[in-house]
Each structure stands twice: as C-alpha cells, then as structure tokens.
Amino acid sequence: MSTMTNGAVNSGSAVDGDGPTVPGQVTARPAAGMSVFNLAMLTVVAVASLRSLPAMAGYGLSSIVLYLIPAVLFMVPTALVAAELATGWKGGVFIWVREAFGERWGFVAIWLQWVQNVVWYPTQIAFIAVSLSYVVGGGSLANNGVYVAGVIIVLYWVSTLITLAGGNLFAKVGSWSGIIGTLFPAALLIVFGAAWLISGTPSQTELTTSAILPPWTGLASIVLIVSNVLAYAGMEVNAVHANDLADPGRGYPRTVLISAVMILAIFILPTLAIAVAVPKASLGVVDGINLAFQTFFDHWHLAWGTPVISLLIALGAFASVVTWIAGPSKGLLAAARTGLLPPFLQKRNGAGVQRSILLLQGVIVTILALLFVVIPNGNTAFVTLIDMAAALYLIMYMMLFAAAIRLRATRPQVRRTYRTPAMGLVAGVGFVACAVAFVLSFVRPSGFTGLSTVGYALVVGLVIVVLGVPPLIFYALRRPGWQLEPDHAVGDAILVNPPDPHDPEGTAQPGASRRHLRVVSRRSGHHILGRAS
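Please read these numbers as outputs of a predicted model, since none were measured by experiment.

What counts, and where the lines are drawn
- Residues numbered from 1 in each chain as written.
- Predicted model: local features only at pLDDT ≥ 70, side-chain atom pairs only at ≥ 80, totals over all residues.
- Heavy atoms only, no water.
- Helix = DSSP H or I, 4+ residues; strand = E, 2+ residues; numbered from the N terminus.
- Buried < 20%, exposed > 50% of the residue type's maximum accessible area, 1.4 Å probe, protein only.
- Contact = heavy atoms within 4.5 Å.
- Areas by Shrake-Rupley, 256 points an atom, 1.4 Å probe, with all protein chains shown as cover.
- Phe/Tyr/Trp six-rings, centres within 6.5 Å; stacked < 30°, edge-to-face > 60°.
- Lys NZ or Arg CZ within 6 Å of the ring centre and 35° of its normal.
- Salt bridge = Lys/Arg side-chain N within 4 Å of Asp/Glu carboxyl O.
- Polar contact = N/O pair within 3.5 Å; in protein donor to acceptor, adjacent residues only side chain to side chain.
- Axes fitted to C-alpha atoms, helices over the stretch in contact; angles between N-to-C directions.
- Parallel < 35°, antiparallel > 145°, perpendicular 65-115°, else oblique.
- Left-handed = near helix turned anticlockwise from the far one by under 90°.
- Nonpolar A, V, L, I, M, F, W, Y, C, P; charged D, E, K, R; others polar.
- pLDDT = per-residue confidence, 0-100.
- Expected span 1.5 Å × (residues − 1).
- Arc of directions from axis to C-beta.
- Patch = residues over 30% accessible without salt bridge, like charges linked within 9 Å, V, L, I, M, F, W, Y side chains within 5 Å.

A. Region of the structure containing the overall build of the chain. Of the regular secondary structure elements, the chain holds 18 helices and two strands. Sorting the 533 residues of the chain into buried and exposed places 56% on the buried side. Long-range pairs, those at least 24 residues apart, make up 81% of the contacts in the chain between residues at least 6 apart in sequence. Looking at the chain as shown, the accessible area adds up to about 20,400 Å², and 68% of this sits on carbon and sulfur atoms.

Right, here's the structure in full:
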C-alpha cells in the first residue's frame, strides 16, 4: 500500500443521475470521463510500494508464489467486490457496512480503517529514517532503534503540524511522490538486476525451477505472506471511479487485470533484482532496498548514487505521509459528528482541521515508535507493526466482504453500475483469505529475534484489542449531546443511482423489487436506513 485509503464518508465521485428524466426510464449516467488504462494507473500508484520487497527477496524465486497467492485470493476479490459497492452506494466502508449490518458495525469498520493507517505511519517513517541514514551515514544508523524511533516521532509531529496549519504543502505533489519514491526506484532496480545477470555476475539466490516453490519449515516460514496482503491493500480506493468508465461492466474487469499485472510486475521484478545482488543473510526488511542500491552502485563504482536514490525514496515517502495524514481521520470525523464519538474528539481548529483526532493519532504513533527501542531487533519491530496493521485491516476487509454478500441478498433493488460476477464465490474467497491471513498475523516469522513466539503473539493481540475495541465502547456510551451535525448520509442520498422520482417504486429498474425502509432507533434521534438487517 503506497498511499492510504482516505475512508472519507463523502469521498469519491458518485453518479447522482441529476438532470431531466423521462418517466418510466432509468436516469442516464454522464458521459464517461476516464479510460480503462487511466484507472488502472491510478490503482497502481495507490497500491504499489517498495516497502515489502526486502522481506520477500529472501525467498528468491519462491517470492513469485508468495506474491501471486494474496494477489489472486485477496487483491482481485477486493477490487471486484469494492467496485460493486462503490457503484451502488456513496460513502465508502462506513456506509457499506452500516447498510448491511447497522450503524455499530459501520462505525467499527471506519474506525479500523482509520486506526490501521495510524499503525502504518511508523512503518512508513521507519522506511524514511533508514533511507536518510544512507544519505548521511552510509546506513550506519539503520539498525539503531533510538535513531529510528526519534526520526519517526519528529517527522510525524512535523507532518501533523503542517496538517493542523491547514496547509496543502504536499497535496499537489502527491502523485509525483508515487513516481519519485516508488515507480522510478522500482524501474531502476529492474534495470540493475537485469544488467547484473547479463554481465555474468554470480547470483546470490538460486535461479532454478526447483526454487520456485517456497520451502516449508512450518507456518513461520511463510508467515511474511501476511505483509503481502497488506501490500495489496487499497484496491478499493479507486473502485468508485468505475462509474467514470464508458462501460463499467466490461471495462472494470479489464482495469483490474491491467492494474494487477502491473502491480505484480512492480513487486516481483524488483524483488528478484534485490535477491540476485544481496546475500540472504545481509537482507533486512527495513533497509533491504537501500542495501540493494548500495550493492549495485558500488559494483559499478557509482557510490555517489546510493545517497541520491535514498534521498529520493525518503522524499517520496515523506510526501505521501504528509499528503495522506489527514485523509483517514476526515472519514472518521465525518462519521463521528453524527454522534459516534464524544465531543472532545470532534474538535476542529480555526482552519477546520480535525485537531483532536490528529493529536490522538500523534500519541498512538509516538507510543508505537517506541517499539523500535523496546525490541532490540529493528526488523522484528518493523514486522510486528506490519502484522498489527494487517490484522486490524483484515478485520475491516472481512466486514467489507460480508457486507457485499448481505447487500446483494437484502438490497437487490439498489442499482449497481457494476455487478461482481459470482459474488458469493468471489467475496467468499476474499473473506476466507482474510481470515487465514488474520490468524497468521499472530505467528512470528522465522529468523526474527527480540520477542519469543508467545511474546510476539501477545504483543500483536494486545495492540489489536487496545486499538480495535474502543469503537464498541464509544458506541455503547454514546449520548444525544454527541451529535454535532445532522446525518445527511441516509436514504436515497447515499445511492449512486437513486430511483427515478417519477418511478418511486423502482419498477422501471431492471431486477428491481419493492422494498421498505425501516427506522433504526438511535439515542440521538431516528436514522432511516434501507432494509439492512
């Protein structure tokens, strides 16, 4: 995941079908504004990242299998299912899960989407810290826990202060950060890896067909596949743009295919380039990218290139942090102001920025950054954070898949611009894959020290409980005075393709059937929902 999902309750460009209508006809969608390839590129920039490559490079050719498994079982189902949800309902995961299972679980879903991003920040900034150490110190500080924790805390609070000021300092370069910090280094690694092999330089990994299958030494030997699941997270971000294709039914599957192939190429080819140049014993999950570039540049007597490329990677990663630091919290705030969080967590500053939630984010990030000090092995601290974020996000994804199945059964009258083929099978595969990956997130990867097997599982489990249970507590304690704004995300307002006002029963829509709205009682008033539970 190169950029975070923004989780905004009102995010995305939805087709409302405004304008003149003809009685008895379905409202026409506006003219398409995006090509299949453009949407595929948007998805690639949103998902592709270099951060997970070093962990997989240690597997050599077998990393191909470890990338393909979560791609087929998680990435593709997520993209297809999210496309149906996004072309039926506006508002993202909060609305989707709320419409399926009620407000309590919709709130849990948006909370998990937010808090996993909070856990993600230390891993991204740790990546920045290590890259900076190769700029000024040749990587000598890469494994210094105090240094990494200090950089995480300083850079995160600097990013927070920029966001609190209401500035848009890095927003205009957000897409460029993906090119500078991800696509260009990935392309360079591929070129270097090919040149390494063509020049006859010995490979540091076995390049035979027998090496394609991962070695099996127990669950711990393949548990890093969990980090690959998180690497593919974000496929749902651009699903809303399926509405902008000329023919979503045919065009969106092509988008998924193109983006999946490109994302796999960006993951697999640079990973193999790292594997052929860097000995497995030298690989670190945090500094593996920088070490690979250092190996390549030193081999061709271009030592000056290491600090340059490391700086580009750091700048690109920092730009993505600043660009996205406020996004997830905006989605949480939008849901919270309807009465789901206490008023002190809903406060905004003079610039309209969600001050309280950003400060809470900062406190959590500061505490998590200390893991790099408490756990002597920086690689273990890094993977622990990845597993924490993955576990939290996987719960949300399981809710997303379950919501899609339920809404297909309970809300068939809602017109989706795109309909997932074999929804039960596709969403079912995604749900089971997430459940298995969730269990694996508690298993310590082989070769990592600093925490015992039991201690690793306890730390991951404790953080999941501490960060995942609060929405249930807040929901149980909510009071009428917590609602600071009316909830407008109800009824037809949340539908991408609302019913024709001249045909209120929806009888003109293909496959439509008469359904009733029900009123869900809330302490802060009444909330009109579709027939969701």
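B. Region of the structure containing the packing of aromatic side chains. One pass over the structure, following the stated rule, counts 20 aromatic pairs. A centroid spacing of 6.4 Å and a plane angle of 85 degrees characterise the contact between Tyr156 and Trp157, whose relative ring orientation is edge-to-face. When its relative accessible area of 26% is taken as the criterion, Trp157 is described as partly exposed. An aromatic cluster of at least three residues, connected via ring pairs, comprises Phe192, Trp196, Phe293, Phe296, Phe297 and Trp300. For Arg478, the ring lying beneath its charged end belongs to Tyr475, and the centroid distance is 3.7 Å.

C. Layout of the pattern of salt bridges. Applying the stated criterion across every chain, the model contains four salt bridges. Two residues, Glu84 and Arg408, come together in a salt bridge whose shortest N-O distance is 2.6 Å. One end of the pair, Glu84, is in helix H3 (residues 63–86); the other, Arg408, is in helix H15 (residues 378–410), and 324 residues separate them in sequence. We classify Glu84 as buried; its relative accessible area is 1%.

D. Fine view of the side chain of Thr123. The topology assignment puts Thr123 in helix H5 (residues 103–136). There is a polar contact of 2.6 Å between the side chain of Thr123 and the backbone oxygen of Trp120. Contact partners of Thr123, with chain neighbours within four places excluded, come to Arg51, Phe382, Leu385 and Ile386.

E. A look at the packing of H5 against helix H12 (residues 327–336). Contact geometry of H5 with H12 gives a least axis separation of 9 Å together with a crossing angle of 155 degrees. By the angle between their axes, H5 is roughly antiparallel relative to H12. The chirality of how H5 crosses H12 is left-handed. Residue-level inspection shows Phe107, Ile110, Trp111, Trp114, Asn117 and Tyr121 of H5 in contact with H12, the latter providing Pro328, Ser329, Gly331, Leu332 and Ala335. The residue inventory of the contact of H5 with H12, partitioned by class, reads eight nonpolar, three polar and no charged.

F. Quick peek at the packing of H5 against helix H13 (residues 355–369). Taken N-terminus to C-terminus, the directions of H5 and H13 make an angle of 45 degrees; their axes are 9 Å apart at the nearest point. It follows from the interaxial angle that H5 and H13 lie oblique. The two elements H5 and H13 meet at a crossing, and its hand is right-handed. Every residue of H13 that contacts H5 at Trp114, Val118, Val119, Tyr121 and Pro122 is listed here: Ile357, Leu360, Gln361, Ile364, Val365 and Leu368. Across the contact of H5 with H13, the residue classes tally to 10 nonpolar, one polar and no charged.

G. Representation of the confidence of the model for the chain in the model. Across the chain, the average pLDDT comes to 79, with 81% of residues at or above 70. Here residues 3–32 scores under 50 on pLDDT; set against residues more than four positions off or in separate chains, the count is 72 contacts.

H. Seen up close, the environment of Ile263. Looking at the element boundaries, Ile263 is found in helix H9 (residues 248–277). By relative accessible area, Ile263 is classed as buried at 0%. Residues Ile263 and Ala71, spaced 192 residues apart in sequence, show a C-alpha to C-alpha distance of 9.3 Å. Excluding residues within four positions of it along the chain, Ile263 makes contact with Thr43, Val44, Val47, Met75, Tyr232 and Met235.

I. Region of the structure containing helix H1 (residues 36–47). With 12 residues, H1 extends 17 Å from end C-alpha to end C-alpha; this agrees with the ideal 16 Å at 1.5 Å per step. Within H1 the residues assigned to the buried category are Val36, Leu39, Ala40, Thr43, Val44, Ala46 and Val47. Seen from one end, H1 has its buried residues packed into an arc of 165 degrees, which puts them on one side.

J. Expanded view of helix H6 (residues 145–164). Taking 1.5 Å per residue as the helical rise, H6 with its 20 residues ought to reach 28 Å, and the 28 Å between its terminal C-alpha atoms agrees with that figure. Of the positions making up H6, those classed as buried are Gly145, Tyr147, Val148, Ala149, Val151, Ile152, Leu155, Tyr156, Ser159, Thr160, Thr163 and Leu164. In this structure Asn144 caps H6, since a side-chain oxygen of it lies 3.1 Å from the backbone nitrogen of Val146.

K. How the structure looks around a nonpolar patch on the surface. On the surface, Phe101, Trp105, Val465, Val469, Leu472, Ile473 and Leu477 cluster together into a nonpolar patch covering about 560 Å² of accessible area. Tracing the chain through its elements places Trp105 in helix H5.

L. Expanded view of unusual backbone geometry. The phi dihedral of His301 falls on the positive side, at around 55 degrees, and the residue is not glycine. Its location among the elements puts His301 in the loop between helix H10 (288–299) and helix H11 (305–324).

M. Here's a closer look at the environment of Tyr475. Considering the arrangement of structural elements, one finds Tyr475 in helix H18 (residues 470–477). Judged by relative accessible area, Tyr475 falls into the buried class, the value being 8%. In sequence terms Tyr475 and Leu340 are 135 residues apart; their C-alpha atoms lie 6.0 Å from each other. The contact partners of Tyr475, leaving out residues within four places of it in the chain, are Glu103, Arg104 and Leu340.

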